[in-house]
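Descriptive structure summary
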Amino acid sequence: MATFVVTGSASGMGAASAARLAAEGHTVIGVDLRDAQVIADLGTLEGRAAAAEEILGLSGGTLDGVAAIAGVGPNLPSAAAVMSINYFGTVALLEALRPALAASGAGRAVVIGSNSASTVPLVDDGLVDLALAGNEEGAREHADAAQAAMPAEITAIVPSIGAYASSKLAIARWVRRTAVTPEWARQGVLLNAIAPGAVLTPLMLGSTGREEDLDADGFPTPMPLGIFGRPEDIAFWVHQFLKPEARYTTGAVLYVDGGTDAAMRPDAQ
Ligand code: NAI
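Residues numbered from 1 in each chain as written. Predicted model: local features only at pLDDT ≥ 70, side-chain atom pairs only at ≥ 80, totals over all residues. Heavy atoms only, no water.

For the rest of this paragraph, the subject is the nonpolar core. The biggest cluster of nonpolar side chains holds 46 residues, and the ones touching the most others in it are I55, Y87, L94, W174 and L191. With 12 residues, the single largest contributor to this core is helix α3 (residues 79-104). Among all residues touching L191, those that are not within four sequence positions of it are L94, A109, V111, W174, V175, T178, A179, W184, T250, G251 and A252. The next biggest cluster of nonpolar side chains, apart from the first, holds 18 residues, and it includes F4, V110, F241 and V256. (Core = buried A, V, L, I, M, F, W, Y, C linked by side-chain atoms within 4.5 Å. Buried < 20%, exposed > 50% of the residue type's maximum accessible area, 1.4 Å probe, protein only. Helix = DSSP H or I, 4+ residues; strand = E, 2+ residues; numbered from the N terminus. Contact = heavy atoms within 4.5 Å.)

Shown next as structure tokens:
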């Protein structure tokens, strides 16, 4: 049986992924702000360092896979915090755990991005560049300034939508750039991303309202399948990417969004 790390394991997609892996008998080290084996705030430098140290201690320095799922949505008031949690927390933890993934001989990492990286027109290229340059302080300042300059009609509904979409585009680009470097690819550590669409989790319902009031056909983005995703729909693909048999895919961004991205960008390939 294998040993996996799942961040964001206390809720939504992370909880569903942890449950799926545990049901197969694997050891799952959950990481979250609460209700997890490793309690840590991945939005802070100290939290990331402490989480990595504890995970390496619990795993003995060898990991079969990491599912980096912890994250926040566009309704978080602080745009700076969105960048720190969704981008910098994810990158820092994966970089710290890469040697443990390499030690297994067939390490797998999967990251949760979002289809908002390509479907939300408020992506901030300057913010994406700051993130990819590893400039957390600069990104935090830029995110807050951009948020302050955004029309109040938008920020009243989704205060951090620009930072959110930018954090998810940055993480998808980081995955594609990083997966092909020798430190990952030639160590047998595969790194992929999933870009979910609207999935019924506490995060999404916190910004859109009750599940019974939601109508896929009335959603702001096209929903070709006419349904919302469930956490298990994402957990299914998380599981596939973590399998040793998934040996020839790295640097991929898989849209699991009921067809939204294809409907909005049919010719993107
Ligand atoms: P959720 O709110 O149900 O679960 C997220 C988990 O991450 C929570 O348990 C939370 O405590 C944890 N978390 C948040 N900040 C953290 C921090 N600083 N340190 C450690 N843990 C932290 O949300 P959901 O929907 O399952 O989200 C999972 C991922 O999917 C997130 O990265 C989110 O941005 C992304 N996503 C969600 C979509 C949706 O429609 N639900 C759509 C696209 C992407």
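Attention now goes to empty space enclosed by the protein. Tallied over the entire structure, the rule returns 1 cavity of 30 Å³ or more. Computed from the structure, the largest cavity encloses a volume of approximately 30 Å³. Lining the largest cavity we find T7, L42, A68, A70, G89, T90 and L93. Of all the elements, α3 adds the most residues to the lining of the largest cavity, at 3 residues. Its residues assigned to classes, the lining of the largest cavity shows 4 nonpolar, 3 polar and no charged. (1 Å grid on protein atoms, 1.4 Å probe; cavity = no way out; pocket = protein on both sides within 12 Å on 5 of 7 lines; lining within 4 Å. Points joined across faces, edges and corners; volume = space filled by probe spheres on them. Nonpolar A, V, L, I, M, F, W, Y, C, P; charged D, E, K, R; others polar.)

Computed from the structure, the largest pocket encloses a volume of approximately 1,400 Å³. Lining of the largest pocket is provided by 50 residues; of these, G73, P74, Y164, L203 and M204 occupy positions nearest its centre. Among the elements of the structure, α1 (12-23), β2 (27-32), α4 (116-119), α8 (161-179) and α10 (202-208) are those that each provide at least two residues to the lining of the largest pocket. The element contributing the most residues to the lining of the largest pocket is α10, with 5 residues. When grouped by side-chain class, the residues that make up the lining of the largest pocket number 27 nonpolar, 19 polar and 4 charged. Roughly 200 Å³ of internal volume is contained in the second largest pocket. Around the second largest pocket, the lining is made up of 13 residues, and of these L169, A172, R176, V253 and Y255 lie nearest the centre. Put simply, the parts of the chain that give the lining of the second largest pocket at least two residues each are α4, α8 and β7 (253-256). Across the lining of the second largest pocket, the residue classes tally to 7 nonpolar, 3 polar and 3 charged.

The next subject is the pairing of strand β6 (residues 190-196). Taking burial as the measure, the 7 residues of β6 include 7 buried ones, the bulk of the element. Where burial is concerned, the two faces of β6 agree: the one with L190, N192, I194 and P196 and the one with L191, A193 and A195 are both buried. As judged from the 5 bridges shared by strand β5 (residues 108-112) and β6, these two strands associate in the parallel manner. Bridge assignment links V111 to a residue of β6, and that residue is A193. Summarising the sheet, β6 and β7 pair through 4 bridges and their orientation is parallel. When the bridges of β7 are listed, A195 appears paired with Y255. (Pairing = 2+ DSSP bridges.)

Further remarks concern the packing of aromatic side chains. Tallying each qualifying case throughout the model produces 4 aromatic pairs. Between W174 and W184, the ring centres sit 6.1 Å apart and the planes meet at 90°, which makes this aromatic pair edge-to-face. Of the two residues, W174 sits in helix α8 while W184 sits in helix α9 (residues 182-185), which places them 10 residues apart along the sequence. Across this residue pair, the class does not change: W174 and W184 are buried. Ring centres of F236 and W237 lie 5.0 Å apart, and the angle between their planes is 90°; this geometry places the pair in the edge-to-face category. Exposure remark for F236: the relative accessible area of 34% places this residue in the partly exposed category. The partly exposed category is assigned to W237, whose relative accessible area is 35%. (Phe/Tyr/Trp six-rings, centres within 6.5 Å; stacked < 30°, edge-to-face > 60°.)

This paragraph deals with the site of the ligand. The environment of the ligand is made up of 30 residues, and the closest members are S11, M13, D32, D41 and T201. At 3.1 Å, a backbone N or O of I69 approaches an oxygen atom of the ligand. Between an oxygen atom of the ligand and a side-chain N or O atom of Y164, the distance comes to 3.5 Å. The protein chains hide 93% of the 830 Å² of surface that the ligand would expose on its own. More than half of the atoms of the ligand fall within 2 Å of the grid points belonging to the largest pocket. Residue assignment for the shell around the ligand shows that the elements contributing at least two residues are α1, α8 and α10. When residues in the shell around the ligand are grouped by element, the largest group, 3 residues, is from α10. (Near = heavy atom within 4 Å. Polar contact = N/O pair within 3.5 Å; in protein donor to acceptor, adjacent residues only side chain to side chain. Areas by Shrake-Rupley, 256 points an atom, 1.4 Å probe, with all protein chains shown as cover. Sits in = over half its atoms within 2 Å of the grid points.)

No statement about biological role is implied by the geometric values presented.
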